[in-house]
Amino acid sequence: MKQPQSPVLSRIVVLVGLMGAGKTTVGRSLAKELGVRFRDSDDEIAKAAGCSIPDIFELHGEAIFRDLEQRVLIRLLEQKKPYILATGGGAFMNAGVREAIRELGVAVWLKADLDVLLERVSRRGTRPLLETGDKRAILERLMEERYPVYAEAEITINSAAGAREKVMEDIIRVLRQKGYVT
Ligand code: S3P
């Protein structure tokens, strides 16, 4: 009997979008489904710095974090073997990072409504940018600033409440249509 072929991914899939969009949870499922590695840029930044993201913000400030984020992301994008890479919400705002993603990966924007984001970010208090005031107001401002830039991603997928499986299937369908999964 003929064995079903496992899917083959030809490019690093880079998940972008706001905090709470589901980049890490969806990314993990996606990697499992495609049989590839999953990496999270925030985890790699924390490893490189030897401390947590909130500690980097507190001890060194956001500018140092952004610098480290860019360097770590470029390194992660230079990996030869395709895999799934979840990025922190601000990473795609950096023009150099966007350029590297265009060249070496495929950007997938997980787009979510304010209420969905708010519900998801309320579960954890580990995001320094949201600890400085009203979470709804901060997210609203970030949506205004960032959504036009996230829209530059090659693929946009709607990331609705409680639908991780569906989001993952939608991503795979579009990756297949575009020939990144065969
Ligand atoms: C940030 C998002 C966070 C993390 C840092 C800054 C942002 O990652 O990189 O707190 O600027 O939106 P998540 O999007 O994974 O929460």
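Up top you'll find the structure we're talking about.
Residues numbered from 1 in each chain as written. Predicted model: local features only at pLDDT ≥ 70, side-chain atom pairs only at ≥ 80, totals over all residues. Heavy atoms only, no water.

1. Some thoughts on the site of the ligand
Point 1. As a structural note, the neighbourhood of the ligand is formed by 13 residues, with Lys 23, Asp 42, Arg 66, Arg 127 and Arg 146 the closest of them.
Point 2. The contact in question runs from an oxygen atom of the ligand to an N or O atom on the side chain of Lys 23, over 2.5 Å.
Point 3. At a separation of 2.7 Å, an oxygen atom of the ligand approaches a polar side-chain atom of Arg 146.
Point 4. Taken by itself the ligand offers 390 Å² of open surface, and the protein chains cover 94% of this.
Point 5. A per-class count over the shell around the ligand returns 5 nonpolar, 3 polar and 5 charged. (Near = heavy atom within 4 Å. Polar contact = N/O pair within 3.5 Å; in protein donor to acceptor, adjacent residues only side chain to side chain. Areas by Shrake-Rupley, 256 points an atom, 1.4 Å probe, with all protein chains shown as cover. Nonpolar A, V, L, I, M, F, W, Y, C, P; charged D, E, K, R; others polar.)

2. What about the side chain of Ser 159?
Point 1. In this fold, Ser 159 is placed in the loop between strand S5 (155–158) and helix H8 (164–177).
Point 2. Contact partners of Ser 159, with chain neighbours within four places excluded, come to Ala 21, Leu 110, Lys 111, Ala 112, Val 116, Arg 120 and Val 167. (Helix = DSSP H or I, 4+ residues; strand = E, 2+ residues; numbered from the N terminus. Contact = heavy atoms within 4.5 Å.)

3. A short note on the packing of helix H2 (residues 41–49) against helix H4 (residues 62–77)
Point 1. Across the interface, H2 lies against H4 with an axial gap of 9 Å and an inter-helix angle of 110°. Taken together, H2 and H4 sit at an angle that is classed as roughly perpendicular. H4 is crossed by H2, and the crossing has right-handed handedness. Facing Ser 41, Asp 42, Glu 44, Ile 45, Ala 48 and Ala 49 of H2, the residues of H4 in contact are Phe 65, Leu 68, Glu 69, Val 72, Leu 73, Arg 75 and Leu 76.
Point 2. Considering only residue class, the contact of H2 with H4 consists of 8 nonpolar, 1 polar and 4 charged. (Axes fitted to C-alpha atoms, helices over the stretch in contact; angles between N-to-C directions. Parallel < 35°, antiparallel > 145°, perpendicular 65-115°, else oblique. Left-handed = near helix turned anticlockwise from the far one by under 90°.)

4. Considerations on the nonpolar core
Point 1. Among the nonpolar cores identified, the biggest contains 64 residues, and Val 13, Ile 84 and Ile 171 are the most heavily contacted of them.
Point 2. For this core, the leading source of residues is helix H7 (residues 135–150), giving 7 residues. (Core = buried A, V, L, I, M, F, W, Y, C linked by side-chain atoms within 4.5 Å. Buried < 20%, exposed > 50% of the residue type's maximum accessible area, 1.4 Å probe, protein only.)

5. Some points on the pairing of S5
Working note: regular strand, side chains alternate between the two faces of the sheet.
Point 1. Of the two faces of S5, the one lined by Ile 155 and Ile 157 is fully buried and the one lined by Thr 156 and Asn 158 carries no buried residue.
Point 2. Alignment of strand S4 (residues 105–111) against S5, held across 4 bridges, turns out to be parallel. Residue pairing across strands places Trp 109 opposite Thr 156, the latter belonging to S5. (Pairing = 2+ DSSP bridges.)

6. Some words on the sheet that holds strand S3 (residues 84–86)
Strands pair in a sheet through their backbones, by hydrogen bonds, and they do so in one of two ways: parallel or antiparallel.
Point 1. The 5 strands are arranged S2-S3-S1-S4-S5 in an open sheet whose pairing can be described as parallel. Every other strand in the sheet has two partners, leaving strand S2 (38–40) and S5 as the edge strands with one partner each. Direction aside, neighbouring strands of the sheet carry axes that sit 25° apart on average.
Point 2. Against the sheet, H8 makes contact with strand S1 (12–16), S4 and S5, and its axis sits at roughly 155° relative to S5, the strand it touches most.

7. With respect to the pattern of salt bridges
Point 1. Counted by the stated rule, this structure contains 15 salt bridges.
Point 2. For Arg 98, the salt bridge identified is with Glu 152, shortest N-O distance 3.2 Å. With a gap of 54 residues between them, Arg 98 in helix H5 (residues 95–104) and Glu 152 in the loop between H7 and S5 connect regions that are remote in the sequence.
Point 3. Given a relative accessible area of 42%, Glu 152 falls into the partly exposed group.
Point 4. A salt bridge links Glu 99 to Arg 102, with the nearest nitrogen and oxygen atoms 3.6 Å apart. In this pair, Glu 99 and Arg 102 are both assigned in helix H5, 3 residues apart and thus about one turn of the helix distant.
Point 5. In this structure Glu 99 comes out as partly exposed when scored by relative accessible area, which is 43%. (Salt bridge = Lys/Arg side-chain N within 4 Å of Asp/Glu carboxyl O.)

Taken by themselves, the reported measurements are silent on function.
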